[in-house]
Structures are given as C-alpha cells and as structure tokens.
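Okay, here's what each chain looks like letter by letter:
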Amino acid sequence: MSTPVTVDGLYDVIHRRRDTRREFTGEPLAGDVLDRLLSAAHAAPSVGMSQPWDFVLVRAPETLTAFRDHVAGERDVFAATLAGERADTFARIKVEGILESRLGIVVGYDPTRGGAQILGRHAIDDAGLYSVVCAIQNLWLAATAEGLGVGWVSFYREDFLRSLVGMPSHVRPVAWLCVGHVADLPDVPDLERHGWRARAPLHTVVHEERYSPR
Ligand SMILES: Cc1cc2nc3c(=O)[nH]c(=O)nc-3n(C[C@H](O)[C@H](O)[C@H](O)COP(=O)(O)O)c2cc1C
C-alpha cells in the first residue's frame, strides 16, 4: 500500500517536471545518478514486453556541436514558415540546451526487438513507438525527482541523427534528450512564458461517454 506522502510526492514530481533549455549548469552528472535515470526508463511498460528502446549516451563535444548546428538549421527552416507575431515570438524562444547540458541521450526505437510476433502489436503497429515514449517519460520524471533537467529536442531530421550516432537503418531515433543539472526548474513552461501557447484547461479535453466535437 502506498502512503499519502508517496502519492503527494509523485504528483508533485509530475507537476514540477519541465522541459529545460536555458537552465543547465553544465555540472557533470554522476554515474550512479545516470544509472538510476536509465533504470527508470528501462522499467517502463512495453507492448508484448518488447522493450524496444535503446539509449545512446553522447558526451563528445564534437558530436554535441554537430547536432547543435543541425538543430540550428532546422530551427531556421521552421522560422521561415512563420510571419508577424508568430515569427517575433518564436525568435525569442530557445529550443535546445545541447551544449549547455553536456549530455545527450538519443532514444531509439527498434521495431525488431522481441521477434516477429509482438503480443499486442498485431493491430496497432505504433504500440512499439508508444512504449519508447513511456520510457522517455519515466526518465523525465525520475530526473525531475533527482532535481535534474531534461529537454526534449525534435528539431532534427531522423537520417541525420541516425547517422551521427551510428544507429542502424531499422532503428528510429525518437528523441534527443538534453539531460543535466539545472539552476532551477521554472514554474511556467517556456512556451507559455513567451506567449507561444498555454496549457489548455482539463475540461476542454475530457469527453463523457462519446467524443464531443468542440
Ligand atoms: C515529443 C516532444 C518533442 C519536443 N520537442 C521540443 C523541441 O524540439 N524543442 C523544445 O524546446 N522543446 C521541445 N519539447 C518540449 C515542449 O515544448 C514542452 O513539453 C511544452 O512546451 C510544455 O512544457 P513543459 O514540458 O515544461 O511542461 C518537446 C516535447 C515533446 C513531448
């Protein structure tokens, strides 16, 4: 039986979790802490117990720099699609802390893991990908509980990242996670603080019995 204190602690971590970019201090992460984060990720649920994730730990400055440069290019690609207030607002938003965090964890999805018959994936092939995202969220919450920051970077082309870290062609890079010590975890998400987009009220996404269009 869990205690109320544990429940409060869990909800506190869930609500304190933040995507971090500018808060990284660059202090190296101790090996045992990193092990705990990866163990939390590896404890995630997975369709058919397939555990289809891989974690590539990237610390080499030249690799971090190469990825940062690629992301900067993709940021420009997105910026070029914007105009007016959206362009001005986006210009103020930092989308990565790749160099500052000093550790990137590239999370991969291997659809071949677990053999040809994955229990539970015959009808929904994406269930494998969902499993990887569960592992990422576990890692993110564990990092928050440890007082660390995680920033999810998705401004990249999959082929570039796959080749940068030597993933075979059948493994899909799902995320680059910037992981490290942070000065603090902001109360308000960066995108909200900059006026890009805010969290919607819960009632706008809850439906009773049947989906009701808004
Ligand atoms: C799949 C996914 C991809 C994301 N990609 C980026 C990204 O490339 N750059 C970035 O700054 N934040 C990225 N984020 C973080 C979101 O912007 C952030 O989760 C959202 O604004 C809510 O803020 P919070 O996580 O602090 O609550 C991503 C988040 C998810 C779940």
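Residues numbered from 1 in each chain as written. Predicted model: local features only at pLDDT ≥ 70, side-chain atom pairs only at ≥ 80, totals over all residues.

The name an unreviewed UniProt entry gives the protein is 5,6-dimethylbenzimidazole synthase, with Mycolicibacterium madagascariense as the organism.

Within the protein one finds eight helices and four strands. If you list the helices and strands of the protein from N to C, you get α-α-β-α-α-α-β-α-β-α-β-α. Across its three principal axes, the protein shows a C-alpha extent of roughly 45 × 45 × 40 Å. For the protein, the residues scored as buried account for 27% of the 214 residues in total. Residue pairs at least 24 apart in sequence account for 86% of intrachain contacts in the protein once pairs closer than 6 positions are excluded. (Helix = DSSP H or I, 4+ residues; strand = E, 2+ residues; numbered from the N terminus. Buried ≥ 20, exposed ≤ 12 C-beta atoms within 10 Å, placed from the backbone. Contact = placed C-beta atoms within 7 Å.)

Turning next to the site of the ligand. As a matter of local geometry, the ligand sits amid R18, D19, R21, V95, E96, W152, V153, S154, F155, P189 and L191. Classifying every residue of the shell around the ligand by side-chain character gives six nonpolar, one polar and four charged. (Near = placed C-beta within 6 Å. Nonpolar A, V, L, I, M, F, W, Y, C, P; charged D, E, K, R; others polar.)

As annotated by UniProt and renumbered to match this structure, "domain: Nitroreductase" (unreviewed entry) occupies residues 16–181. The span residues 16–181 is 42% helix and 17% strand, and its two end C-alpha atoms sit 15 Å from each other. (UniProt positions renumbered as here; feature names shortened; annotations may be inferred.)

This paragraph deals with the environment of F24. With respect to the helices, strands and loops of the structure, F24 is situated in the loop between helix 1 (4–16) and helix 2 (31–42). When the C-alpha positions of F24 and Q137 are compared, they lie 19 Å apart, and in sequence the two are 113 residues distant. Not counting the four nearest positions on each side in its chain, F24 is found in contact with G97, E100, S101, G149, C178, G180, H181 and V182.

Glancing now at the environment of V165. Looking at where V165 falls in the secondary structure, it is placed in the loop between helix 7 (158–164) and strand 4 (172–181). According to the C-beta neighbour criterion, V165 is partly exposed, with 19 such atoms within 10 Å. Along the sequence, V165 and V58 sit 107 residues apart, while their C-alpha atoms lie 8.2 Å from each other. In this structure V165 touches V56, V58 and V106, once residues within four positions along its chain are discounted.

Another point: helix 6 (residues 127–145). Look at helix 6: 27 Å from first C-alpha to last across 19 residues, which is about the 27 Å you get at 1.5 Å a residue. Along helix 6, the positions that sit buried rather than exposed are G128, S131, V132, A135, I136, L139, W140, A142, A143 and T144. Residue G147 follows helix 6 closely and has a positive phi angle near 80 degrees. (Expected span 1.5 Å × (residues − 1).)

In this structure, Q51 takes a positive phi of about 45 degrees despite not being glycine. Tracing the backbone shows Q51 in the loop between helix 2 and strand 1 (53–58). Not every positive phi belongs to a glycine, and E209 is a case in point at roughly 70 degrees. Position of E209 relative to the elements: it lies in the segment after helix 8 (190–193). Among the residues examined, E209 registers 5 C-beta atoms within 10 Å and is labelled exposed.

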